[in-house]
Structures are given as C-alpha cells and as structure tokens.
Amino acid sequence: MKTFGLLIACAIAACAAANDTFFIRGVDVYPVTGAEMKGVSVLVQDGKIADIGAKIVAPKGMKIVDGKGLRLYPGMIDSNTELGLSEVSAERVTVDTGELGEFMPQLKALSAVNPESEHFPVVRANGITSVMTFPASGGRGGRGGGGSQYISGQAALIHMDGWTWEDMEINRSAAMHLIYPSIASRGGRGGLANVDFADEIALLFAGGSAAGTFTEAKRNYETQVAKLTEFFDNARQYQKERTANLPGFKRDLKFEAMLPVLEGKVPVAVPASRERAIHDAIAFADREHIKIVILAPQELGKEGPELKSKNIPVILGRTEALPENQDAPYDYAESLPGEFYKAGVKIAFGTFNNEFSRNLPYNAARAVAYGLPYDAALKAVTINAAEIWGAGDKMGSIEKGKWADLMLVTGDPLEVPTQIKALYIKGKEVDLSNKQTRLYQKYLARP
Amino acid sequence: MRNLVTALLIFCGCAFGADSAAIAIRNAKIVTVSGSVIPKGTVVVRNGLIQDVGENVSIPGDAVVVDGEGMTVYPGLVDALSTWGMPGTAASGAARGGGRGATTTAAPAAATPAAPPARGPEDRPSTTSWIKAADEIQATDKRIESARSAGFTTAAVWPTRGFFAGQGSLVDLLTGEKAGEMVLVPSLGQYISLTRAGGGGGGMGGGFPSALMGMISYIRQIYLDAGHYQLVKDAYAKNPRGMQRPEYDRALEGVLESKRILLPANRWVEIDRMIHFAAELKQPAIYYGIREGFEDRSVKYLKDANATVLISMKWPEKARDQDPEAEDPYRQMLIREKAPTTPAVLKKAGIKFALYSDGLDTPRDLQRAVKKAIDNGLSREDALRALTLSPAEIYGVQDRLGSIEKGKIANLVVTKGEIFDDRTKIEFVLVDGNKFVPAPEAAPAGGRGGATAPSGPNGVKK
Amino acid sequence: MKRLFLMGLMALAAVAQVTVIENATIMSEGAKGTFKGSIVVKDGKIIEVGDKVMVPPGATVIDAQGQFLIPGIIDCHSHIAVDGGVNEGSVSVSSMANIRDVINPEDIAIYRALAGGVTAANILHGSANAIGGQTLVLKMRWGQDAEGMIFQGATPGIKFALGENPKRAGSPQGGRGAPATNARYPATRMGVEDVIREAFNEAKAYKATWDAYDAQVAKGQHPIPPRKDLKLEPLKEVLEGKRFVHAHCYRADEILMLIRVADDYGFKIKTFQHVLEGYKVAKEMAAHGAGGSTFSDWWAYKAEAFDAIPYNAAVMTKKGVVSSLNSDDAELMRRLNTEAAKAMKYGGLTREEALALVTINPAKQLGVDNRVGSIEVGKDADIVIYDKDPLSNYAKVQKVWIDGTKYFDRDSDVSARPSKELEKKKLADQEKPATPATRRPQ
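Residues numbered from 1 in each chain as written. Chains lettered and ligands numbered in written order. Predicted model: local features only at pLDDT ≥ 70, side-chain atom pairs only at ≥ 80, totals over all residues. Heavy atoms only, no water.

Q: Before we move on, can you summarise the pattern of salt bridges with the specific residues and values?
A: Residue and element names in this part refer to chain B. Taken as a whole, this structure holds 94 salt bridges over all chains when the rule is applied. The salt bridge involving Asp225 is made with Arg124; its shortest N-O contact spans 3.6 Å. Here Asp225 is found in helix H5 (residues 212-238), whereas its partner Arg124 is found in the loop between helix H2 (93-96) and helix H3 (133-136), with 101 residues between them in sequence. An identical accessibility class is assigned to Asp225 and Arg124; each is buried. Ionic pairing is found between Asp358 and Arg291, a salt bridge with its closest N-O pair at 3.1 Å. (Salt bridge = Lys/Arg side-chain N within 4 Å of Asp/Glu carboxyl O. Helix = DSSP H or I, 4+ residues; strand = E, 2+ residues; numbered from the N terminus. Buried < 20%, exposed > 50% of the residue type's maximum accessible area, 1.4 Å probe, protein only.)

Structure, rendered in structure tokens:
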C-alpha cells in the first residue's frame, strides 16, 4: 500500500519535467560492470545516463528522486521469452509462436508483438526492462505448429514498454532462430527426461523400445542436415547473384532475410540440449562461417573448451527445473550454470516462457546457491545478455552514455522479498501497476 | 470336479492307448525329478501312462524297445504360463525368433471389433472371465510343434487379454484334430491382467478403466459384486417365492468358478501391491512376471506371504541398435543384469516357483532362456524341477504329472546329453505316450525353429 | 545404487532413539515463534523445545551451527509417487479409483521433494473428472514400501475438479485427443455442477439403503446386505464427514457454486485447490470454513488462470481463509520455501505468515495439524535444516528428518555421487560386449 502511494507520487512528479530526464540522489549504485558506489547520485538526461558520482548536483528545476537506502541496478534482460507473441499459452488463438514451414527466416517476431499484452507490465514489475522474444518457443524445439522446422524466424530484442512495437524495438533481428537437427532416437543420458519412470520400466519388460532404431534416427538426421546445408548453399548462391546483379535476378524474401546471417551480422540461436547436439551445432556454424548462440543446453560435457575458445555464448534455461534424468543429482539444473561459468563460457539466462519470465532473477539466484558466483549471476541477467544480443554498448550496465534502463530496489534484486520501488526504461519511469495489482486492490477492498 | 477330471483322463488314456503297443526305453539314464537319478534303467510306457520305471524292470513282450544307451530320459517340460495354442497370440511367432514382441502381459490386439467405451464397472470392460483356454485351443498352432521340439510336453495355457481374461487350462502338447484330447485340467483359475484387452491402453476415449487405479478398483468391484451375486443367488435358490430373480451375469459366474487367480507383478513395488491385493480379495493367488524377484524386498514379501510365483523367462534385454551415446538409467541396467538371477535367488529363499515361456516359442530361445537362469546361479536340477514337477505341484497335478513315476502320464523327453545344454540333441518326446521326433533340421536343441514330426508305431495320431 | 543408499539410510535410522539438535535458528511456526535454541527428539516425536534443553544421556547431539530449523514442508497438492496414471479420466465420476492402490514408493520425485524440505504431501487424483478419485497423505519416507509411505492417521480425501479440466473431455473437439464421438459429459461448468449434484443425489439414496440395512441388523435381523458400490462408498463417507473434499478450481463462480452444492447436500469442502480466484470469494470460503491451497505466481497458462494474482494467498489469509501454497508439480515441490517468500513480496505477509503457508496451514487443511506443521512438543519430528534463511533463494536444504529418522543429508548425497557414477559405469561396461555392433543395413 505504501509502495503504491510512493508510485503515485513519483508519477505526479514526473509530469513536471521532461519525462526522461531526472536526478537520483543518494543511492547505492550497482553498475554490474564496476564496483558498487554507495550514496552517489545519478543524472539521467534524455533517456541516457549522463553522469554518476558523489559530487554531482541536480540542475535547477530537475525532477529529483530520493534514492536514500535504496539500490540502483541496471534493468534485467530475459534472453528467451515469447513475450508479446503469446498471451494464454493453452489457447492457440492467443499464441503467435510456431509458424508453419521448414525455412522461415523472413518471419519477424517483432511485428507480431502486442504492446498491450498483459504480460509486459507483470514481468517488468519485477525489474525486467528488456527481453528477447522468439518466433518459436525456443526451449521447446520450435516445432509449435509446423512439424519439422529448421528456421523459425528472427528473434527480437525489445524493451518492456512502448506505444507500438516500433517504440519497443531495440533490435528487430537480434538472432535467427535455427533448429538444428538432432538424432532423435530413444534414450538419452539415463533415460528419457519426461517419461514416467514406471512407464520406462514397463517398456523394459515389454521387450525394449517402441521408438525407432539409432540407424534410422541417424539416417533421418543426415538427411535433415543435408537439407539445411542445401538451404544455406542456396542462400549463398543467391547472395552471389544479388551482388552480381545480373539481369533477371529475382528477389527472394527468404534468402534476403538470410543475408545478415551469412554476413555474420546476426547470430543463429540454436537450441541444443545434449553435448553432441552442441558440438554438431557449432560444427555447422563453423562450416557456414556464421555466428552462433546456444540455447538451453542440458549438459556441458566436454564442450567447455570449444565454447570458450570460439567465444560462443550460451543462454541457460531455468534452474527451477527438474534434473534431466533419473540418475542425475537432484540439484542438476541448479548446478549447471556454475559448470558453464567455471568452463569460462559466457552465459545469460532465459526463462523460455512468459509466465515465468518474472522469475528470471530467482533462477539466477538459485544458480548462486549451487555454485555460480553472485557477480556472474547478476551479469548473466544484465550485461552479458546485452552483449550477446548486440546491445552491450547501449544497455546492460550503469555507465555513462548508456540508456537509463534502471531499477530502484530495496535490496538484492535476485532475492524474492526485495521490492522494486521504481523502474525506468530509456529514462522514462514505467508504471509498476498491472492487471494483477489492479485485481488485488479491487478485491482487497471488497466489503 | 476332480472325479470328472480323472474320469476324463481315464477315458482319454483309453482312447489313444487302447490298441497301442507299449514302448520300453532301456539302458537309459533316467532323471525322475521326484526321486534319485537312475544311472541305467528302463521306462515302460503303455496306454499313455508310465507303466513302470526302474533299474530292473521287465520289458513286456509286445513292447517296442528303444535302446537308450547314451540317452537320458526326463519328464516332459511344462510351461507354467503359456499361450501356445491360443488363437491370435502367436505374434512373436517361431519365424521371428527374436524373442521380443508379444508377451503374456501385453497381448496383441484381437481381431474382434472394438466395443463401445465402457462407462463403468457395470459394463464389464475387457472381461471374458467365462472363457476357458480348453475351449479355445487350436491343436494346429505351429508353436505346439515348436515347443515340443524344445522338450515341452505340457503347458498351462491361458487367455491373456483383458482384466479378467478367462480361465487357463492344463493341456498336453499333442498335435491332433480334437483339442479335447489335449486337456488335462479344463480350469486352472482366472487370469487377471492390468492391461485392457486389445491394447490401446488408457486415454480419455478408451472407456473405463483407463488408469491403473481404475483397473484395480474395477477388479475389486467385480469381487464385491461376485460375493453379493452369490449371496443373492443362494437366497433365491433357497426360497424363490416372492423374490425377484437375480440376473444371470456370466462375468461373475466366470469369476466364481475360478479357484485361483493369476496376478501380474514384476517390480518389487508390484509384488508388494499384488500380495496385498490378493489378501484383500481373499483369493488364492499365483503371481506372474517377477522380473524383480532378485530384490531383497521382493524375496521378503514373497516369503512373508508364502507366495507362489511364475517367473518369466523372457529376460529383459538391451534395446538393439541404440544410440551409442545414449545411456539407460541405472535401474534398467540393473534389472537387465539381475533379472536372470531371480530363479536362483528365489530357490535359495525357499519360494515356490516355476518358469514360463512368456512369448518365447522357438527351441533355441527357450533353451537359451533356461540356460541363462542356470548361468545365473540356478542349478540344473532346480531348473528342471521349475519346468516339471514344480508347475505340476503349483497346479495341483503332481499326482499325475511332472516326474517319472509309475502311473503318471507318459510325458517324457529323451535326449543325448544334458537337457539344457547347447549341443544337446533331443531324440524324441513322448506326449501321452505318443512319440514325436523333432524334424531333422531342427534336431539340436540349440537349433533354430524346427518341428516335431510324429513317427514310429505310436506316433501316428488318429 | 539405490540399494546402497537404502543401506545407508537404515544405518542412519538404527543409530539412536534420542537426538538433540542444538544451536539452531528455529522458525517454529508455533507459539514460540522464531528463536535461537534446541530441540530434543525421542522415538520420532519432539519432546522438548527451548532456548536451552536437557540433553538426555546417550543422546546424539547435532550442532546446527546457527543454521535454520523449520518444520517439514507440507505440500497440499501433489501427484508424485503414483503408478499407472493419475487420472481415471474415462468417466465423469471416478470416485472408485484410489491413489492408495497405486502408490509408487520408488518414484525419484519423492527423494527430490525431500531434498527440497518436503516431509509430507497430499497425493491427489488428477482433475479430469467432476468427481475424481480418492486421495491420501504420504510422508516422504524415501526407501520405505508403499505402506510405509502412508501418513497413518491422516484423514483420506477425494478429489473434485471444476472448470476447464473436467469439461475438456466433453468438448466437441474431443479434448486430449479423444474423438468427438466419445465426448464425455459434461462439456460446460453447468454440466459439472449437474454431475456433482447427480452423484450426491445417488450417494444419499445409497446411504439411506445402507442405513436401513444397518438398522435391521441392529435389530437382530439377517437381511441380504445391499450391493457395495465403490463409486458411492467414498461419497457416502463425504456425507458422513469421514472423508475430506479437495476441490480443484480456478474461477470465483465455480468456487461459489460448489460451496452452495455442498450446503445443499450437507457436506463440507475441506480445501479449494489452486483456487486462483479465491481472492474474489474469500468471504464465502471463510464462511463455509474451506481452506484455500493455491499457487504463488502461476498464471495465464490457460484461460481460467488469466485472473490469477500472486497476491491470492495474502488476500485469502487476510480475509480469514486458512491458506497454503502447493506445487501440483514435482519440480515446484522442491522449492515451496521460496514460493512462500513470494507472499511477503506480493501482499506483505510477515515471515511467519509466509512460512505458515507451507507448514502449519497445509497441516490444518489436511487435518494433521495436531501431528505436524510446527516445531512443538508432542509433534512428529518432521524437521528440516537449511544453511541459510529458508525464505531466501540462496538457502539449501541440508538435512531432513521424518519421525525422527534422517531421510536426507546433503553432505551424504554429494559424497555418494562418485560411487554411484562408478557403479553405473560398471553396469554399462558389462553390457557393452553383449551389444552387437551397429550394422548399417543396406
């Protein structure tokens, strides 16, 4: 209730001046990229961080926010969601991820983002100021609607506020969502993750597996890889013809969309859970000379040196997850980020979901409990994500010249009871109320 | 009931034995199973029965004499839970030979059209409790020949589809025209499975019951209903005047006439669960499957319950052509490793058990399966017993079957070499005194497939 | 591997009858609140709690080194440890199905829950039917058999389900892949109410038949007993107050509907489960005496979850409803402690109120608050030790006792991992020669 009052007060104050220029006084700044600065002031001008320091003073007439006893962090970034594209996940009509078609690089998540989605205010109320939104449900293999898909489209890096998706855009093509084929035969490490154990045992007694053989699976895999390679070959051929600009050249929307990938400007983001899949995806990226980001790995295996030496970033899934097989230690998912960190791999976190996107910081914290250094966890939800998605110069930390994507909080932002007092996107204070706070107030007051 | 059976037996015996000559196998090693081994002795068979056995037995003048020098005579093997001869159960077939496929616990779909989904226990889903294997059996089933080539002369054949699949029958593995000649015991009890008939399994569309807990509650309801049905019927029989006639219910009739139940139990959890369930139902039970019988707790539960079990010989195997990087769960690997030790473990613990084929039907697969149990600690004697006298005792026919004793049914296997050895050759088998010789190409017990062709003076069946 | 673990467990159990845990930060969730002190456990019960306790001779003394000690977490809604499906979804009333028949004590989820501080859980039938199967409460006694898992003395329950799930099977599209021809009544919330009323109508008649029979027997007569109907038996028990109703629900309308149906037939709803819109009808729930067991912050995964708010538990608590947070999920079950912390963030509950949502409150909802749910003398020694504040994301469960027996120890778990790996590798290696080399079929 108190919080609410404060917010209203802030909102009124904001009206007085330009709404992306203000001064925070006496706050503890946690820049993420540098050491914390206690009791300093931050000047935000035209949406950007203009100055930070103990000695700076607010220009006359500027809106002043009292930061006493509060902490200032850069806003957090969720590296994999479907925000704006999916409203009620069980209701297909409200879901715009998972288009049909095998090779769909021309699809853009950005232009299907609904700025009025109820998820945006709910998620940002927990300090998340930008997200990657993917055209197919990243962690789920992107087979949403269209059977076997290879390229799902362009994932967008967006801000969590804006009148239109154009307002929200940071990078409409931050990554090309590519589903690299994998050998889908029965069995993984220690069995199938999602098969009931009793069923597995029953299967065993029934005399083995119903699924196809490895030989078959491998053959399918090879066919699929050949198909994907052929598409890249064709795209490259198109690139040549386009450069030559011969008469009769016809524009092709799919291949046009592939150009930034071929030129190494846009990375492919590839879900790869197993060690072998990670290895295969990297080998493919090497062959094609393209940039790659690995999504939602379930194991590190021996891939550490390769990921590290090739500077390939990894988007880790939720640590709020079950071990990936029967025999894995109970804290398998929680320990995984620490393992990647120790291997020197650049990591960020994705929730691979909308409903749990607001729990991004808690997933990072859980990794801390099981071995990831705190600073690394904080970076993984801020600066690392910004850098991975090509916006490291604009966001992800509190530095001069960067956007004022900031959260003013009562304590450690990775801890549940911490309250967000104010949130800024490009220096503009955003409303922390949402559908849920409104229903809360309404029914709390029910006589 | 027993009188009837005996009468039937005598009748049958006469029917095929009346004008047949005796057979005498002399100078053979005789493994009687019930008594000590006779290193050199004679067995005389007449009228489908063992007329005499011993070291110094006089051979009747009319007997066809077989010189058993270098041969061993065993009681015919008994498959304690079989589907040989049951129509529509030969999915794995001798031809496939892989030993994987249909099992008695998950029989293939019947060709019958699907019934509408059941709306509750009252629709008696997947229930054919009144069916008797004896009435269904097809003597022409190729698996009967195949099994005989592996030394099997008798099988407890069960209908295996549905929650109350029906009643099993003990049959001799004869190949003939009249299936009735094969039958030793028409009803051994009720086969209960926790799989719906015709596969399909659960889901929303399949009708009641779809989940294991629904199946268990269904079986429980049937026994409650059967008890109530009996009460009402008795009351009506005593005094029908003024009382509404109880409706005839063949499902309950079938359950009531079954003197024991077979319950599926593989994991130790299931063994525990089914022992409790049988106690609750107050039914004498035999548990089948028992692949986790090697676990300490399985042994404890079975011992505490003084239970009798039938152990499947279809030992779980690693899936073929598996992803080399895939790793099965520890538990699966453990079961694969340990399942074949179950017979030895249970023997040591003093638990009554028999072995059964569970879909295996080629001589090679059957022989290998027994051998695997032996390699995993079961003695040859105990393996033999688990396939002869033990099943006879379990089904209460040890007075006529399962060992080589005077007066018992003349079901014998005559081999050169130890019966479960790789290179052992089965010379011939006698079923009800009828001689069957394995087809030459299938002669070694370790050979693939093969049929037994009836031959010799007694072999031609009428 | 599992056996290795079990042997270790039995060894632990056999050690001593009396255990003293000293120097702990005890969040008792009882009258004593939170304090630094010790507890004494004997024969599975807490026999002393205080700043200072008498250490009986021969007792095993554990120094908690200031770590946090809380009562075992209780999950009021779980589907773990069940064999062969949690939904008898073929019929709209599946009350004959009973979780008790299909307990799977070797479900690894039990151990994982234990590692998340859970000591007891209400194991429910699924939500495919207006009236579902019978439920029961288990203690997470990992390593015991099915019978050994059961929380003896806890009142059994029955699952009801309202809203989208029970009507899905009846949808013209044939929910869950069922062909439309097999559509099962009901297909609407109206139909769900009808199914429940019909069932209780039938159950009342059934009860009357049995009551009449019992009366005849009492008079020394020998009538033929009525047919025992396993579908109606548990509903008769509900009418007799011998079985708790745990009703899965989302929307305010259906919550109110069930309250009125219960009023009409004279039974009580023990808890509304999920009850995502409980905050809208908390008044009516409190008046009925029903508890509310909800999620902390799940929402928007389906239409009926669109008005879910993370403030639900706090609002229900403030409006006098005994509230808890449940998991409904083997994963979430492992971190109910931080789910509770969310009620501090959303709705401003105190630390004690928050922790109560996963300890004493679910105990009340399951009618076992005289046995578990707080650290108090006379209660079962179901105890969890965390290294840090259990309401923090950084806290890890270190040790868990149930009935005074230690069932989880993080140090032992971690140190046993290499040998488990080795044992597994050994088995895998043994199998290798038996595997035919992969041939490429031509």
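Having seen it, we continue.
Q: Talk me through the nonpolar core; I want residue IDs and the actual numbers.
A: A general tendency of soluble globular proteins is for nonpolar side chains to be buried together. Within the largest apolar cluster, 149 residues are counted, with the highest numbers of intra-cluster contacts made by Tyr287(B) and Met140(C). Ranked by residue count, the leading element in this core is H5(B), at 10 residues. (Core = buried A, V, L, I, M, F, W, Y, C linked by side-chain atoms within 4.5 Å.)

Q: Requested: an account of the environment of Thr342(B), with residues and values cited.
A: Residue and element names in this part refer to chain B. By the element assignment, Thr342 lies in helix H10 (residues 342-349). Residue classification places Thr342 among the buried positions, given a relative accessible area of 0%. When the C-alpha positions of Thr342 and Asn376 are compared, they lie 8.4 Å apart, and in sequence the two are 34 residues distant. Beyond its immediate stretch of four places on either side in the chain, Thr342 contacts Ile290, Arg291, Glu292, Gly293, Phe294 and Ile311. Reaching out from Thr342, the side chain makes a polar contact with the backbone nitrogen of Phe294 at a distance of 3.1 Å. (Contact = heavy atoms within 4.5 Å. Polar contact = N/O pair within 3.5 Å; in protein donor to acceptor, adjacent residues only side chain to side chain.)

Q: Mind laying out the environment of Ala439(B), listing which residues take part and the relevant values?
A: With respect to the helices, strands and loops of the structure, Ala439(B) is situated in the loop between strand E16 (434-438) and strand E17 (452-454). Placed 12 residues apart in sequence, Ala439(B) and Glu427(B) show a C-alpha to C-alpha distance of 9.9 Å.

Q: Can you tell me about the sheet that holds strand E10 (residues 244-249) of chain C, naming the residues and giving the values?
A: Residues and elements named next belong to chain C. What the eight strands build is an open sheet, ordered E6-E7-E8-E9-E10-E11-E12-E13; its pairing is mixed. In the strand order of this sheet, the two ends are held by strand E6 (73-78) and strand E13 (323-325), each with one partner. The mean inter-strand angle of the sheet, taken between neighbouring strand axes irrespective of direction, is 25 degrees. Pairing of strand E8 (residues 131-139) with strand E9 (residues 157-161) involves three bridges; the strand directions are antiparallel. Across the sheet, residue Thr135 finds its bridge partner in E9, namely Gly157. (Pairing = 2+ DSSP bridges. Axes fitted to C-alpha atoms, helices over the stretch in contact; angles between N-to-C directions.)

Q: Can you lay out the interface of chain C and chain A for me, pointing to particular residues and giving the numbers?
A: The interface is formed by 56 residues belonging to chain C together with 57 residues belonging to chain A. Of the roughly 4900 Å² buried between chain C and chain A, counting both surfaces, carbon and sulfur atoms make up 53%. Across the chain C-chain A interface, the total number found is seven salt bridges. Its salt-bridge partner being Lys435(A), residue Asp307(C) comes within 2.3 Å of it at the nearest N-O pair. Breaking the side of chain C that touches chain A down by element, the ones donating at least two residues are helix H2 (108-114), helix H8 (282-288), helix H9 (312-318), helix H10 (336-345) and helix H13 (410-431) of chain C. (Buried area = accessible area lost by both parts, 1.4 Å probe.)

In short, the description is geometric, and any link to function would need to be established separately.
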